Amino acid sequence: GLTSWAKANDVKQGKGGYTYFQAKTSADFETNINQAVANGYQNIYGIGFPKTPAINAAAKKYPKNNFMIIDDIAKKRQNVVSVTFHTEQSSYLAGVAAAKTTKTNQLGFIGGMESAVVKTFEAGFTAGAKSVNPDIQVDAQYVGSFTDAGKGKTIAASMNQNGADVIFAAAGGAGAGVFTEAKDLNSEKKAADKVWVIGVDRDQNADGAYTAKDGKSNFTLTSSVKKVGKAVVDVTEKAAKDKFPGGEHLVYGLDDKGVAVTRGHMSAATWDAVQAAKKQIIDGKVEVPAK
């Protein structure tokens, strides 16, 4: 989002323009923010709720800078904007897709760290699945980490062994293990007998490509996409016009295309069901639980 805005507005990467500070651990958050301020960057965006304490402290320390936190609500200050997403809505649609696709009526949900944000994915997914079939079973488990791909793989293997044939992985880097397990399992089967994985935050279609016993195939059913880039563009555009939305809490959902599901490899009937559910949510006929 930042790159696209910069390109459209002829803003270059580097001092006087825009840049990225990559944290290796949480200890880097405060250091990176201090560096950004020292190097003259006016608008500083923290992507992900673990950065909230650092953003809260920095907003108080640097009242002349603008700050944004993604996926959490910061302390209300005039130089901070909080951005969250109705991820329960896109997860609901993923649940509909899963329920329409499963042959066993057993689904899996694998979360990263158990938090309010990740719980919205679980709540929406379960509600969407049960809207199709109230008797469907959803096994929800948490890795306890966003990076432990090995544990993600182990949990997925257990779920598959217990009959789950569609797993929604909302686990960050730990979700890579879910895809690895599906690839290992599916490569020993014909494509028609595959287990499916639902991706998160970005389109994970490429991660589902594999070779089945009878040829090339793909096991990414769909992805529950969160348009963080859209939020970054919107806030940056407002800041450029001296209208930074400080003190506000912005929430993006299906109605403003802030969240979505990809077409993926759903059948035509499943895609139609997902589109019908999407319309019901936007029209207010279905209220999706967030917890």
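Residues numbered from 1 in each chain as written. Predicted model: local features only at pLDDT ≥ 70, side-chain atom pairs only at ≥ 80, totals over all residues. Heavy atoms only, no water.

Draft legend 1. Representation of the packing of aromatic side chains in the model. All chains considered together, the criterion is met by 11 aromatic pairs. The interplanar angle of 80 degrees and the centroid separation of 6.2 Å between the aromatic rings of Phe21 and Tyr41 together place this pair among those described as edge-to-face. On the criterion of sequence distance, the pair formed by Phe21 in the loop between α1 (2-8) and α2 (28-38) and Tyr41 in the loop between α2 and β1 (43-47) is long-range, its members being 20 residues apart. Measuring from centroid to centroid gives 5.9 Å for Phe179 and Phe219, while their planes differ by 40 degrees, and the two rings are tilted. Here Phe219 lies in the loop between β9 (215-218) and β10 (220-226) and Phe179 lies in helix α7 (residues 176-186), a separation of 40 residues in the sequence. Judged by relative accessible area, Phe179 falls into the buried class, the value being 5%. Chaining the aromatic ring pairs together yields one cluster made of Phe109, Phe121, Phe125, Tyr142 and Phe168. (Phe/Tyr/Trp six-rings, centres within 6.5 Å; stacked < 30°, edge-to-face > 60°. Helix = DSSP H or I, 4+ residues; strand = E, 2+ residues; numbered from the N terminus. Buried < 20%, exposed > 50% of the residue type's maximum accessible area, 1.4 Å probe, protein only.)

Draft legend 2. Molecular detail of the pairing of strand β11 (residues 249-252). Where burial is concerned, the two faces of β11 differ: the one with Leu250 and Tyr252 is buried and the one with His249 and Val251 is not. Bridging between strand β3 (residues 80-85) and β11 involves 4 bridges; their strand directions are parallel. Within β11, the residue paired with Phe85 across the bridge is Tyr252. (Pairing = 2+ DSSP bridges.)

Draft legend 3. The arrangement of the side chain of Gln89 in detail. By the element assignment, Gln89 lies in helix α4 (residues 87-101). The exposure class assigned to Gln89 is buried, which follows from its relative accessible area of 14%. If sequence neighbours within four positions are ignored, Gln89 has contacts with Gly253, Leu254, Val259, Ile281 and Val288. (Contact = heavy atoms within 4.5 Å.)

Draft legend 4. Local environment of the packing of α4 against helix α9 (residues 268-282). Close contact between α4 and α9 brings their axes to 9 Å; oriented N to C, the two are set at 150 degrees. When the axes of α4 and α9 are compared, the pair comes out roughly antiparallel. Here α4 and α9 pass one another in a crossing that is right-handed. Of α9, the residues touching α4 (which contributes Gln89, Tyr92, Leu93, Val96, Ala97, Lys100 and Thr101) are Thr270, Ala273, Val274, Ala277, Lys278 and Ile281. Broken down by class, the residue content of the contact of α4 with α9 amounts to 8 nonpolar, 3 polar and 2 charged. (Axes fitted to C-alpha atoms, helices over the stretch in contact; angles between N-to-C directions. Parallel < 35°, antiparallel > 145°, perpendicular 65-115°, else oblique. Left-handed = near helix turned anticlockwise from the far one by under 90°. Nonpolar A, V, L, I, M, F, W, Y, C, P; charged D, E, K, R; others polar.)

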